[in-house]
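Here is what each chain is made of, one letter per residue.
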Amino acid sequence: MKKIFTIFLSIVMTIMLAGCGGDANGGATAEITVNKATNVASEAVPELGNLEFEFSDADGNEYSGVIAGMRNSNKMTAEQMNAVVETIGSHFAGGSSARLDSGADCGYDLVDAEKYSGKDNSAVTSGAPYGDANLCWAASTANMLVMTGWNDGMNEDGIMSYFTENFFDEGSYQHSGIKFFFNGVNDGQSAAKNAGKTGAKDATFVENDSAELMSSTQVRNPGKKNGKNVNVGHYTKYAGEAIADKINTSSYAVEDLEKIIIDAIDNGNAVGLAIVFYNGDSRVGVHALTASGYIKTAEGKLAALVIADSDNDIELKKEYGNSAEETESARAERPNSYDMFLTGSFTHNETEFMTLQDYKFSNPKMKYDNAVIQQIAVLRSCKKAGSALESSGTKDGANTPDLILQNAANAGEDINISVKAGKKASIPVIVTNRSYKGYSAKDKPVVKGRLIVKKGDQKVKEEPFEFSLATDSYTTGEANCDFSITLTTKFSDAGKYTVDAEILGVYSGGSKLGEAYTANNYIKNAAFVTVN
């Protein structure tokens, strides 16, 4: 028999909620029945656990969910676990957001990197302290790294300090933060606006020998060795690009995004959200959050998200200390907490977006609460990195190009092609260099690869291709440079086919040139072909 707990009967739980959760975000609560509350240890991070739960409301509607990133949650009692579900579930059933605090009395701590002051101090170019007002993306990245086991021995506040010390106080995305942490390069910002300035945002990091690496980043001090750029990442044998997915939500139906988030959390992966705010049709603000859990309906529809936010409790911000240690200590003193928000929808330019209802932007000047999820980053667990470990690459994205094949739609859409039997089909593909090093004209580089044609699960043929990295279509030394190519293959028989594409190498004068992360050289389902 399952033990059933209800809010109006749980006197002990109500007392315990005082220090662990409650009505911090305001709003009504409603009666629920807790049917399940179980701690499940994280596969990748032993000290972290997921609280898996089920509850039903007064009308008999059933819900289930997960809260991830609960440190030491294996010490929680049954009463404490049920108290957490009541905090979240009763506010959810009442149609309002909720706050979930953590602490020794709760039996758990939450993964929640914090800004230590929220003060924009971009003018500081060396020493400590540094500003972190715009580093919400770094805080979310720190949470994601800890929750997936890629934290290299640091907790989320330590990683946040690492980002604060390495980056100017400017905005970015989690995907760029992951790439920097892994491989020491960042493609999130443009420094063109800073060129020629003195002081804080002067191009001191865009010197002649470092321009290729840092001319489009906000990084303070690139790593160097003998005057050359070196990879300063923590996991240089992995391609950060290969284990982190960047999803632009405008290209997906809301129900597909719901499944992406739920599946990612269920599989031990971490989810970062980039949100924007709208005042009517005008975008008025940007922020980054971590999706640390969810509530879904019995039919599997996402109904609410549990969020780690570097800006909640911003009113408790600390002033800067006189050293990096003091400022990190101030950050660690901020309480770790999660917030639960119901999800909704918002239509802009005839596109439906997912939103967080009732989310208020932390900046008091920004009163808008229409929080639209614009981009999702998914970081795979270190236990499920799979083919991201690539033995043949050079692992040096700072000095070596990193050619990646992408679907020509470049937005998660399918490429569907129709062709008559006996004719050639043209397969459009995008080639991108995701590193900070290009091939020079003197290399005369030629890319060699192959198309793999399949009918169902059966491989029909392989066909080689090659193309030149001509200077008129490829800008050397530029990060994120991409260009389109068209590959062709002949189809003899009617039917439905899929075409994969793979880069086998880059050659100059018969010699194979090095690449950073050759695990990225394969694209599955570059096109779907119907032959009539």
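Scoring rules and cut-offs
- Residues numbered from 1 in each chain as written.
- Predicted model: local features only at pLDDT ≥ 70, side-chain atom pairs only at ≥ 80, totals over all residues.
- Heavy atoms only, no water.
- Helix = DSSP H or I, 4+ residues; strand = E, 2+ residues; numbered from the N terminus.
- Buried < 20%, exposed > 50% of the residue type's maximum accessible area, 1.4 Å probe, protein only.
- Contact = heavy atoms within 4.5 Å.
- Areas by Shrake-Rupley, 256 points an atom, 1.4 Å probe, with all protein chains shown as cover.
- Axes fitted to C-alpha atoms, helices over the stretch in contact; angles between N-to-C directions.
- Parallel < 35°, antiparallel > 145°, perpendicular 65-115°, else oblique.
- Left-handed = near helix turned anticlockwise from the far one by under 90°.
- Nonpolar A, V, L, I, M, F, W, Y, C, P; charged D, E, K, R; others polar.
- Pairing = 2+ DSSP bridges.
- Phe/Tyr/Trp six-rings, centres within 6.5 Å; stacked < 30°, edge-to-face > 60°.
- Lys NZ or Arg CZ within 6 Å of the ring centre and 35° of its normal.
- Polar contact = N/O pair within 3.5 Å; in protein donor to acceptor, adjacent residues only side chain to side chain.
- Expected span 1.5 Å × (residues − 1).

**Notes on the overall build of the protein**
Then, in step 1: Counting its regular elements, the protein contains nine helices and 25 strands.
Then, in step 2: Put simply, the protein has 532 residues, and 54% of those count as buried.
Then, in step 3: For the protein, the share of sequence-separated contacts (at least 6 apart) that also reach a separation of at least 24 residues comes to 72%.
Then, in step 4: As displayed, the protein has an accessible area near 22500 Å², and 46% of this comes from carbon and sulfur atoms.

**Examining the packing of helix 3 (residues 136-148) against helix 5 (residues 174-183)**
Then, in step 1: Closest axis-to-axis distance for the helix 3/helix 5 pair is 9 Å, and the angle between their directions is 60°. If you check the angle between helix 3 and helix 5, you find them oblique. Helix 5 is crossed by helix 3, and the crossing has right-handed handedness. Within the contact between the two elements, helix 3 uses Trp137, Ser140, Thr141, Met144 and Leu145 and helix 5 uses Gln174, Gly177, Ile178, Phe181 and Phe182.
Then, in step 2: Taken together, the residues that form the contact of helix 3 with helix 5 break down as six nonpolar, four polar and no charged.

**Topic: unusual backbone geometry**
Then, in step 1: One non-glycine residue, asparagine 72, lies in positive phi territory at about 60°.
Then, in step 2: For asparagine 72, the location among the structural elements is in the loop between strand 5 (62-71) and helix 2 (78-93).
Then, in step 3: With a phi close to 65°, glutamate 350 is a non-glycine residue in the positive phi region.
Then, in step 4: On the accessibility criterion, glutamate 350 (80% relative accessible area) is exposed.

**Observations regarding the environment of tyrosine 517**
Then, in step 1: Within the element layout of this structure, tyrosine 517 appears in the loop between strand 24 (511-513) and strand 25 (522-531).
Then, in step 2: Linking tyrosine 517 and aspartate 402, residues 115 residues apart in sequence, is a C-alpha distance of 5.8 Å.

**A closer look at the pairing of strand 4 (residues 48-57)**
Then, in step 1: Counting buried residues along strand 4, eight of its ten residues qualify, which places the element largely inside the surrounding structure.
Then, in step 2: Taking the residues between adjacent antiparallel strands as the criterion, strand 3 (residues 32-41) and strand 4 are bridged by six residues.
Then, in step 3: Pairing geometry for strand 4 and strand 5, over eight bridges, is antiparallel. Each residue of the ladder has a partner; that of phenylalanine 53, found in strand 5, is glycine 65.
Then, in step 4: Hairpin connection of strand 4 to strand 5: four residues between the antiparallel strands, including glycine 60 at a positive phi of 90°.

**A few points about the packing of aromatic side chains**
Then, in step 1: Tallied over the entire structure, the rule returns 19 aromatic pairs.
Then, in step 2: A ring pair is formed by phenylalanine 53 and phenylalanine 55, whose centres lie 6.2 Å apart and whose planes are at 20°; its orientation type is stacked. Both residues of the pair, phenylalanine 53 and phenylalanine 55, count as buried.
Then, in step 3: Taken together, the ring pairs in this structure connect Trp137, Trp150, Tyr162, Phe163, Phe180, Phe181, Phe182 and Tyr235 into an aromatic cluster.
Then, in step 4: Across from the ring centre of tyrosine 507, 4.8 Å away, lies the NZ or CZ of lysine 448, which sits over that ring.

**A few points about the environment of threonine 530**
Then, in step 1: Locating threonine 530 in the fold gives a position in strand 25.
Then, in step 2: Judged by its relative accessible area of 24%, threonine 530 falls in the partly exposed class.
Then, in step 3: Sequence separation of threonine 530 and phenylalanine 491 is 39 residues, and the distance between their C-alpha atoms is 9.6 Å.
Then, in step 4: Ignoring any residue separated from it by four or fewer positions in sequence, one finds threonine 530 in contact with Ile417, Ser418, Val419, Gly495 and Lys496.
Then, in step 5: Side chain to side chain, threonine 530 and lysine 496 meet in a polar contact 3.4 Å long.

**So, helix 2**
Then, in step 1: Along its 16 residues, helix 2 runs 22 Å from first to last C-alpha, staying within 8% of the 22 Å computed at 1.5 Å per residue.
Then, in step 2: With 13 of 16 residues buried, helix 2 is to be regarded as a mostly interior element.
Then, in step 3: Of the residues one or two after helix 2, glycine 95 is the one with positive phi, at around 80°.

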